[in-house]
Amino acid sequence: MIENIRLSFQGIWAHKMRSFLTMLGIIIGIAAIIAIVSTIKGTSEQIKDNLVGTSTNVVKVELYQGDWGYKSGDSSGGNTLPVFNDSLKDEILDLDEVTAVASYRLGSLYSGAMYGDNAVNNTTFVGVDEDYFSVMGYSVKKGRLFTEHDRKNHNKFIILDSVAADTLFAGEKDYIGKTVIIKNDAYVVIGVVEQQDSFSPKVENLNDWYTYYYNDASGKYFVTDDIWPMLFGFDEPYNVVVKPRSTEDMTKAGRKTADILNNYIGANNNANNNDGNEDESMGSSLKYRSEDLLEKAKALQEVSASTSKQLIWIASISLIVGGIGVMNIMLVSVTERTREIGLKKALGARKGVILAQFLTEAAVLTSLGGMIGVGAGIGLAYIISDVAKTPVAISGAAIVVSVVFSMVIGIVFGFIPSVKAANLNPIDALRYE
Amino acid sequence: MLLELKNIYKNYIQGNMDVPVLKNINLSIEEGEYVAIMGPSGSGKSTLMNIIGCIDKPTAGTYFLDGQEINTLKDRELSFVRNKQIGFVFQTFNLMPRQTALDNVGLPLQYAKVPKKERKRMCLEALDLVGLSDRVSFKPTQLSGGQKQRVAIARAMVNQPKILLADEPTGALDSKSGIQVMDLFRELHERGTTIIMITHSDEIASYADRMVKIIDGELIMGDEEASGQEVQDE
Ligand SMILES: Nc1ncnc2c1ncn2[C@@H]1O[C@H](COP(=O)(O)OP(=O)(O)O)[C@@H](O)[C@H]1O
Ligand SMILES: [Mg+2]
């Protein structure tokens, strides 16, 4: 066997170019599969990681109109928007699955913010309560947070996240206490906050991805919800974010919170009671809905898994084509070595010996192709990761399976040529010119 | 009797014609004999030798080798016979071009599953026998014709077969190398090996004890064994 492997390498080396071209199909197929699997696995692990692995695991419960996120300024719902009070928050906090709750409002201004000559357009504003920063996992980087005093006095104070600070004060360091103009009004910057971990560039779901790359390009501006009406003439709805006791509780915490909020607006609205999270369309009626990160992550993982399955099918075609190439070259090799086979048989080689020799050669050829393919695939995965900014996770199992699978391809497609060689009549083979 | 051919026929199908190449061959050879087969080109000498060497099958007739009826053997058993009982030497040497003299000689031992260490010892011994101890790791391209043929003889003899079959072993050699090969054959014969050799040359044939002639597929005995057997058509 070892002798056969040694001879196979000798043969492959003797026909370097031919062997390489024969292996190419296998190399491309395996490289594609390894690259796909590594990229998909990386993405999938990142999704899971973000969900389970960070302390900033929160569930947002936002107001929807029908199937769509509620848009401010919509007259049909304008009067019914619930105003939050502390007893509502306490009710949510009483839930077993919830450890913290905060409310917030979102809005964006095209006119944006201006500091000196530097104007930043299309900025995102968040109106926050006293718990928002802690629930969302923000920490103070510079300056301070809002105080009870700031709220009571309706101070025109503003807090920025670091993206917003970098954009607005490009280069300038000492900007705490500086004045920023928003909607022709002056606001004083009192602090800069930052989300813990590498939270912000990571992506929990497609919405976040979208948010991060499009809406949040200029960062976030925080004000107290007490002064929110000064910035936005029309009402923006209150949304809620809750911190679940554990990752497993995320779904329940979100649903129960939505139930409480929907009961609340249901009573306010005198509308029919709904149980919050069913997917039945309620026309234009308003409804709180929890985003279900676990579900979304699963769905996202499934999407990537099924995409990768399709891609792997396509790559498999390359492997089959590669296999046929191997079969072809093995047939050529058998013909070329007819006399050698005849001689070996005349010297007493049994069929099995010849069969093993050619099968080994085919298997060595494709395994080698597989190994080169694995190397190329890993390289490719890192290139893709570099270009597309996706993470890579090399799967040891995928590497082993790929190499074994290439070997199997060699044995399967090498079988017919090898049998042909083994069955050669010794005298016909010896006389072959 | 070491080998016995009875009423051997060999036909080749050429187009839709059945071309007879061997016609009712009867030949017996005893252990230790040294037989030369002569005859014009195309008369069927090689065909006969290949049947004796168990790498070709007769169309009809029976062949006993060392008491075994070859026609009835399975492929696996035939391989065993080729490996253990017979050593083949060809006119054109038929060495593996990319392997050293040592590896070439080792092939039959490899098929006999002889352990590697033992294999090497036996190969060195065989190469020593043919006087090539100093060419052990040479490849065929680095050897002269006579040396190549001696490697082939070492390969044929390494498994210590009873019979050495040689199809025009000196045909591709100069006369000096040819005589070296004949000296080697004589030595092997003296050790008890049965030798059957095809040749065109009377001088080479004179090394043998007995000579048989084939003309047009029919055997003509060169000595007292020649008998009045009538040639039968099937
Ligand atoms: N495979 C074959 N198919 C058809 N004819 C063959 C084949 N092998 C040999 N022959 C014919 O058989 C005859 C004898 O050949 P061979 O035994 O090689 O002769 P020799 O060795 O005496 O020169 C020749 O006429 C040759 O053409
Ligand atoms: Mg001949």
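Along each chain, residues carry numbers from 1 onward, in the same order as the chain's sequence is written. Starting at A for chains and at 1 for ligands, labels are handed out in the order in which the entities are written. The predicted origin of the model limits local features to residues at a pLDDT of at least 70 and limits the giving and counting of side-chain atom pairs to 80 or more, whereas totals for whole chains, interfaces and linings rest on all residues. Computation of side-chain values: all heavy atoms of the structure, hydrogens and water removed.

Draft legend 1. Layout of empty space enclosed by the protein. All names here are of chain B. Of the two site types, the cavity is a set of points on a 1 Å grid over the protein atoms alone where a 1.4 Å probe fits but cannot get out, and the pocket is an open set with protein on both sides within 12 Å along at least five of seven lines, each lined by residues with an atom within 4 Å of a point. Grid points are joined across faces, edges and corners, and a volume is the space filled by probe spheres set on the points. Counting across every chain of the model gives one cavity of 30 Å³ or more. Of the pockets and cavities examined, the largest cavity occupies roughly 60 Å³. Put simply, DSSP H or I for four residues or longer makes a helix, DSSP E for two residues or longer makes a strand, and each gets a number counted from the N terminus. Of all the secondary-structure elements, those providing two or more residues to the lining of the largest cavity are helix H2 (75-84), strand S6 (86-89) and helix H5 (145-157). Sorting elements by how many residues they give to the lining of the largest cavity places S6 first, with three residues. When its residues are assigned to classes, the lining of the largest cavity shows seven nonpolar, three polar and two charged. Three residue categories are used. Nonpolar comprises Ala, Val, Leu, Ile, Met, Phe, Trp, Tyr, Cys and Pro, charged comprises Asp, Glu, Lys and Arg, and polar comprises the others, including Gly.

Draft legend 2. View of the side chain of Ser162(A). As for its placement among the helices and strands, Ser162(A) is situated in helix H7 (residues 162-168). Residues count as neighbours in contact if any of their non-hydrogen atoms are within 4.5 Å of one another. Not counting residues up to four positions away in its chain, the partners in contact with Ser162(A) are Lys141(A), Val192(A), Val193(A) and Glu194(A).

Draft legend 3. Molecular detail of the interface of chain B and chain A. Every contact between the two is made by 25 residues of chain B and, on the other side, 21 residues of chain A. Buried area is calculated as the accessible area (1.4 Å probe) missing from two parts once they are joined, with the contributions of both summed. For the chain B and chain A pair, buried surface summed over both sides reaches about 2,100 Å², with 55% attributable to carbon and sulfur atoms. When the buried surface of chain B facing chain A is broken down by residue, Ile55(B), Arg98(B) and Tyr111(B) rank first, second and third, together holding 28% of it. By definition here, a salt bridge exists when the distance from a side-chain nitrogen of Lys or Arg to a carboxyl oxygen of Asp or Glu is within 4 Å. The interface formed by chain B and chain A holds one salt bridge in total. Note that Glu3(A) and Arg119(B) form a salt bridge whose closest N and O atoms lie 3.8 Å from each other. Residues adjacent in sequence count toward polar contacts only when both atoms are side-chain atoms; beyond that, a polar contact is any pair of N or O atoms within 3.5 Å, and within protein one must be able to donate a hydrogen and the other to accept it. Remark: the boundary between chain B and chain A carries three residue pairs in polar contact (both at pLDDT 80 or more). Elements represented by at least two residues in the side of chain B that touches chain A include exactly helix H1 (45-52), H2, helix H3 (101-111) and helix H4 (116-129) of chain B.

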